[in-house]
Amino acid sequence: MDAADLSQDLSEVLHTREAIDQRLVELAAQIDSDYAGRDLLLVGVLNGAVMVMADLSRSLKSHCTMDWMAISSYGSGTKSSGVVRILKDLTTDISGKHVLIVEDILDTGLTLSYLVHNLKSREPASIEVMTMFRKPEAATTDVDVKYVGFDIPNKFVIGYGLDYAGRYRNLRDVGVLSPHVYE
Ligand code: PRP
């Protein structure tokens, strides 16, 4: 679905699918260059990162492999519960590998902070983070992020993998959810 299909539920469109596509091409070129000559393992964080993983990986000109983790720090509401749990672990042994974690959004930073710490203990050759969206005003935990798609305001955003109560992930654009939907 596109923003036009959801005009009642969106108070603002932040980034169109065209802008997202363009930014991903730029990031992919940077990643291709940074990882030249090295085997790259992309670790996607379910569920939200499905869209960015699919598009980023296909924008790369080099080979990569992919694996997935499922982490949950949110319930069905609009605020973090503050609790991080591993719901699904990797199927790959990452020791000695060059790992790039791929996320849809860095909000408080709790999820990525936990994940980086957890994966570092498995002794990868290197570990970096890419997030499509980041809310600088919401950060409560410092996370070293190498690749950022867009910094966005501290509002409840949906689309391009980002959900509210499981819905809106299949919106191509990214926008701000109208308060009437969740109030
Ligand atoms: C979202 C998002 C990140 C996390 C970011 O995941 O995909 O993983 O929240 O928030 P934080 O920086 O405050 O930790 P969520 O737990 O909602 O699961 P989902 O990917 O299935 O939507």
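Since the structure is predicted, the reported quantities are computational estimates derived from the model, not experimental observations.

Q: What is the right way to look at the overall build of the chain in this model?
A: If you tally the helices and strands in the chain, you get 4 helices and 9 strands. If you list the helices and strands of the chain from N to C, you get β-α-β-α-β-β-β-α-β-β-β-β-α. Over its C-alpha atoms the chain spans a radius of gyration of 16 Å, differing by no more than 12% from the 16 Å that the globule rule assigns to 183 residues. Counting only C-alpha atoms and orienting by the principal axes, one finds that the chain spans roughly 50 × 35 × 25 Å. Every one of the 183 residues in the chain was classed for burial, and the buried ones make up 46%. Contacts in the chain between residues at least 24 apart in sequence constitute 66% of all its contacts with a sequence separation of at least 6. Summed over all atoms, the accessible surface of the chain reaches about 9,100 Å², with 47% contributed by carbon and sulfur. Positive and negative charge centroids in the chain, built from 18 and 26 side chains respectively, lie 2 Å apart.

Q: It is not clear to me how the packing of aromatic side chains should be interpreted in this structure. Could you clarify?
A: Any two aromatic rings considered together are summarised by their centre-to-centre distance and by the angle between their planes. The full count for this structure, using the stated rule, is 4 aromatic pairs. With a centroid separation of 6.1 Å and an interplanar angle of 20°, the aromatic rings of Phe133 and Phe150 are classed as stacked. Taken together, the positions of Phe133 in strand S6 (residues 126-134) and Phe150 in strand S7 (residues 147-151) put the pair 17 residues apart, joining distant regions of the chain. When sorted by exposure, Phe133 lands in the same class as Phe150, which is buried. Relative to Tyr182, the ring of Phe156 lies with its centre 6.0 Å away and its plane at 50°, an arrangement referred to as tilted. One end of the pair, Phe156, is in the loop between S7 and strand S8 (157-158); the other, Tyr182, is in helix H4 (residues 179-182), with 26 residues separating them in the sequence. Residue Phe156 is classed as buried on the basis of its relative accessible area of 13%. By way of ring pairs, the aromatic residues Phe156, Tyr164 and Tyr182 are connected into one cluster.

Q: Mind showing me how you'd approach the site of the ligand here?
A: The environment of the ligand is formed by 17 residues, the closest being Glu103, Asp104, Thr108, Gly109 and Thr111. Between the ligand and Asp104 there is a distance of 2.6 Å, counted from an oxygen atom to a side-chain nitrogen or oxygen. If you list the elements that add at least two residues to the shell around the ligand, you get strand S3 (65-74), strand S5 (98-106) and helix H3 (110-120). For the shell around the ligand, the element with the highest residue contribution is S5, accounting for 4 residues. Across the shell around the ligand, the residue classes break down as 5 nonpolar, 7 polar and 5 charged.

Q: How should I be thinking about the sheet that holds strand S1 (residues 10-15) in this particular structure?
A: One key point about sheets: their strands pair by backbone hydrogen bonds, in either a parallel or an antiparallel sense. The 3 strands are arranged S1-S9-S8 in an open sheet whose pairing can be described as antiparallel. At either end of the open sheet lies a strand with only one pairing partner, and these are S1 and S8.

Q: Looking at this structure, I do not really get helix H1 (residues 17-34). What am I missing?
A: Along an α-helix, residues three or four positions apart point the same way, because every turn accommodates 3.6 residues. Between the first and last C-alpha of H1 there are 25 Å, a value that for 18 residues agrees with the 26 Å anticipated at 1.5 Å per step. Where H1 is concerned, the buried positions are Ile20, Leu24, Leu27, Ala28, Ile31 and Asp32. Across the axial projection of H1, the buried residues extend over an arc of 140°, all falling on one side. Of the exposed residues in H1, those oriented more than 90 degrees away from the buried face are Glu18 and Ser33.

Q: It is not clear to me how helix H2 (residues 50-59) should be interpreted in this structure. Could you clarify?
A: The set of residues buried in H2 consists of Val52, Met53, Leu56 and Ser57. For H2, the arc enclosing every buried residue in end-on projection is 115°, short of the 170-degree limit, so these residues lie on one face.

Q: Explanation requested: the pattern of salt bridges in the structure shown.
A: Opposite charge on two side chains permits them to pair, given that their charged atoms come into close proximity. Throughout the structure, instances matching the rule amount to 9 salt bridges. Here Lys155 makes a salt bridge to Glu12, at a shortest N to O gap of 3.4 Å. Of this pair, Lys155 sits in the loop between S7 and S8 while Glu12 sits in strand S1; the two residues are 143 residues apart in sequence, bridging distant segments of the chain. We classify Lys155 as partly exposed; its relative accessible area is 37%. A residue is classified by how much of its surface remains accessible, and Glu12, at 32% relative accessible area, is partly exposed.

Each value, and the rule that gives it
Residues numbered from 1 in each chain as written. Predicted model: local features only at pLDDT ≥ 70, side-chain atom pairs only at ≥ 80, totals over all residues. Heavy atoms only, no water. Helix = DSSP H or I, 4+ residues; strand = E, 2+ residues; numbered from the N terminus. Rg over C-alpha atoms; globule rule 2.2 N^0.38 Å. Buried < 20%, exposed > 50% of the residue type's maximum accessible area, 1.4 Å probe, protein only. Contact = heavy atoms within 4.5 Å. Areas by Shrake-Rupley, 256 points an atom, 1.4 Å probe, with all protein chains shown as cover. Lys, Arg positive; Asp, Glu negative; His and termini not counted. Charge placed at Lys NZ, Arg CZ, Asp CG, Glu CD. Phe/Tyr/Trp six-rings, centres within 6.5 Å; stacked < 30°, edge-to-face > 60°. Near = heavy atom within 4 Å. Polar contact = N/O pair within 3.5 Å; in protein donor to acceptor, adjacent residues only side chain to side chain. Nonpolar A, V, L, I, M, F, W, Y, C, P; charged D, E, K, R; others polar. Pairing = 2+ DSSP bridges. Expected span 1.5 Å × (residues − 1). Arc of directions from axis to C-beta. Salt bridge = Lys/Arg side-chain N within 4 Å of Asp/Glu carboxyl O.

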